[in-house]
Amino acid sequence: QVQLVASGGGLVQAGGSLRLSCAASGSIFSINFMGWYRQAPGKQRELVARIFSSGSTNYRDSVKGRFTISRDNAKNTVYLQMNSLKPEDTAVYYCKVDLHDSSSWLAYWGQGTQVTVSS
């Protein structure tokens, strides 16, 4: 079994910054990627950014240049540094880990953390 614990959300004014963290623990053999998704009210969940074991990254266009995803492999922890936040970044942010637990590839979701950006 794998547990994901996310933290770092909150309320911030437009132009401010927040840093999200998500730590994975449990039966982890290897990790393919760790990432962040978000879901605003009435909208579908969307990819924000993800980082692969190789270090390569994907970002949605609207956050490029403002958000940075990073990863501490030793701690199985992924971070999302969010700068120059905009009201449209307001959403519940979820971390996702795609991993192998020595028997199969599985995807796990962390509990959401609310990010609210006021104008």
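Residues numbered from 1 in each chain as written. Predicted model: local features only at pLDDT ≥ 70, side-chain atom pairs only at ≥ 80, totals over all residues. Heavy atoms only, no water.

Caption draft 1: Structural view of the state of the cysteines. Scanning the entire structure with this criterion turns up one disulfide. Each sulfur of the disulfide joining Cys 22 and Cys 95 lies 2.0 Å from the other. With the S-S dihedral at roughly 45°, the linkage between Cys 22 and Cys 95 falls on the right-handed side. Here Cys 95 lies in strand E9 (residues 91-100) and Cys 22 lies in strand E3 (residues 18-26), a separation of 73 residues in the sequence. (Disulfide = S-S within 2.5 Å. Helix = DSSP H or I, 4+ residues; strand = E, 2+ residues; numbered from the N terminus.)

Caption draft 2: Quick look at unusual backbone geometry. With phi around 50°, Asn 76 is a residue other than glycine that occupies positive phi space. Among the structural elements, Asn 76 can be located in the loop between strand E7 (67-72) and strand E8 (77-82). The phi angle at Ser 102 is positive, at roughly 85°, despite the residue not being glycine. Along the chain, the position of Ser 102 falls in the loop between E9 and strand E10 (105-109).

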